[in-house]
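Analysis of the macromolecular model
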Amino acid sequence: MEIKTRIIENDIEKNIVVSSCLIDTLYEIIKQTYLESKSIYIDNPTNSNSELLGDFLTYILAYPKGVETPKVIVSQNIIKDNVIVYENYKDRVLVCFSGGVDSTGALLDQIDKKNNPVALWCNYGQPYKKPEKEAVERICKKLNVPLIETTLDLTDLIAIGGERFGHVFPARNLMIAAIGLTFKPKELILAGLCDELVVPDKSPRMYDEFVNYF
């Protein structure tokens, strides 16, 4: 799938699309989780060990507690198609940014370190997307930080998740990070508050193992 993207830098806007087989794969496992599949069979979107990757993705889907987690089974077949990247920021630090306390702190930290960061915000159909978008744009303009706004419409899946499970959707942060990888940054930052470390895709295991697979 192609991710529609709007880039705002120095009050100049540019529209592009990005895509990757990793984004496609994550969308599929999120969808199958909502459809309450017991097992999810996918091809390998990386060069990593298929069994270890399957175990990692199964772990990432295990939220919230009390919801049966499907087992992700990754084949030996490696897929590398449907890749569109944008490399203008490949020498920059990219901060996954929502305008909240944790990601704003991470963005300010990178500015203090003179790392010349770029902010990435994802509109995935969240109920609070309008005030979030306004906050993100206001903060980035004030700090003179380039902003990448991406759109991935998961509205229908979010509605199912809210009705069945009482949460937005599993692997949200992993999906946002996967979108960030299409910009080939030299470093990708995903910030989280300490009390969020119980969520699989903002857990110590996520941070430790993400670079091994992706």
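Given the structure is predicted, the values throughout are model-derived calculations rather than measurements. (Residues numbered from 1 in each chain as written. Predicted model: local features only at pLDDT ≥ 70, side-chain atom pairs only at ≥ 80, totals over all residues. Heavy atoms only, no water.)

1. Digging into the packing of aromatic side chains
Applying the stated criterion across every chain yields a total of six aromatic pairs. Three or more aromatic residues link up through ring pairs in this structure, and these residues are Phe56, Phe210, Tyr213 and Phe214. One Lys or Arg, Arg205, reaches over the ring of Tyr59 and ends 4.6 Å from the middle of that ring. (Phe/Tyr/Trp six-rings, centres within 6.5 Å; stacked < 30°, edge-to-face > 60°. Lys NZ or Arg CZ within 6 Å of the ring centre and 35° of its normal.)

2. A short note on helix 2 (residues 50–60)
The α-helix winds at 3.6 residues per turn, so residues separated by three or four positions along the chain end up facing the same way. Buried within helix 2 are the following residues: Ser50, Leu53, Gly54, Phe56, Leu57, Thr58 and Ile60. The inward-facing, buried residues of helix 2 contact helix 1 (21–34), strand 3 (39–44), strand 4 (71–78), helix 6 (172–181) and helix 7 (204–213). With a side-chain oxygen positioned 3.0 Å from the backbone nitrogen of Glu51, the residue opening helix 2 is Asn49. (Buried < 20%, exposed > 50% of the residue type's maximum accessible area, 1.4 Å probe, protein only. Helix = DSSP H or I, 4+ residues; strand = E, 2+ residues; numbered from the N terminus. Contact = heavy atoms within 4.5 Å. Polar contact = N/O pair within 3.5 Å; in protein donor to acceptor, adjacent residues only side chain to side chain.)

3. Observations concerning unusual backbone geometry
Glycine aside, residues mostly have negative phi angles, and peptide bonds mostly take the trans form. For Glu36, which is not a glycine, the phi torsion comes out positive at approximately 60 degrees. Topologically, Glu36 is positioned in the loop between helix 1 and strand 3. In the Ramachandran plot, Asn82 falls in the positive-phi region, its phi being about 60 degrees despite a non-glycine side chain. Relative to the helices and strands, Asn82 is located in the loop between strand 4 and strand 5 (93–96).

4. As for the sheet that holds strand 5
Pairing is mixed across the open sheet formed by six strands, whose spatial order is 2-1-7-6-5-8. Looking at strand neighbours, the two that pair on one side only are strand 2 (12–18) and strand 8 (187–189), the edges of this open sheet. When strand polarity is set aside, the average angle formed by the axes of neighbouring strands in this sheet is 25 degrees. Lying over the sheet, helix 6 contacts strand 5, strand 6 (118–123), strand 7 (147–151) and strand 8, oriented at roughly 130 degrees with respect to strand 6. (Pairing = 2+ DSSP bridges. Axes fitted to C-alpha atoms, helices over the stretch in contact; angles between N-to-C directions.)

5. As for the packing of helix 2 against helix 7
Where helix 2 meets helix 7, the closest approach of the two axes is 11 Å, and the angle between their N-to-C directions is 145 degrees. Remark: the crossing between helix 2 and helix 7 carries left-handed chirality. Where helix 2 approaches helix 7, its residues Leu52, Leu53, Asp55, Phe56, Tyr59 and Ile60 are matched on the opposing element by Arg205, Met206, Glu209 and Tyr213. Partitioning the contact of helix 2 with helix 7 into residue classes produces seven nonpolar, no polar and three charged. (Left-handed = near helix turned anticlockwise from the far one by under 90°. Nonpolar A, V, L, I, M, F, W, Y, C, P; charged D, E, K, R; others polar.)

6. Some words on the nonpolar core
Core analysis: the biggest nonpolar cluster contains 44 residues, and Leu26, Leu57, Ile148, Leu174 and Phe183 have the highest contact counts within it. Aside from chain neighbours lying at most four places away, what touches Phe183 is Thr5, Ile16, Val18, Tyr86, Glu87, Tyr89, Lys90, Leu94, Leu120, Ile148 and Thr150. (Core = buried A, V, L, I, M, F, W, Y, C linked by side-chain atoms within 4.5 Å.)

7. Looking at helix 3 (residues 101–112)
An ideal rise of 1.5 Å per residue puts 16 Å on 12 residues; helix 3 measures up with 16 Å between its terminal C-alpha atoms. Within helix 3, the full set of buried residues consists of Asp102, Ser103, Thr104, Ala106, Leu107 and Gln110. Buried residues in helix 3 make contact with strand 5, helix 4 (129–143) and strand 8. Positive phi shows up at Lys114, right after helix 3, with a value of about 60 degrees. (Expected span 1.5 Å × (residues − 1).)

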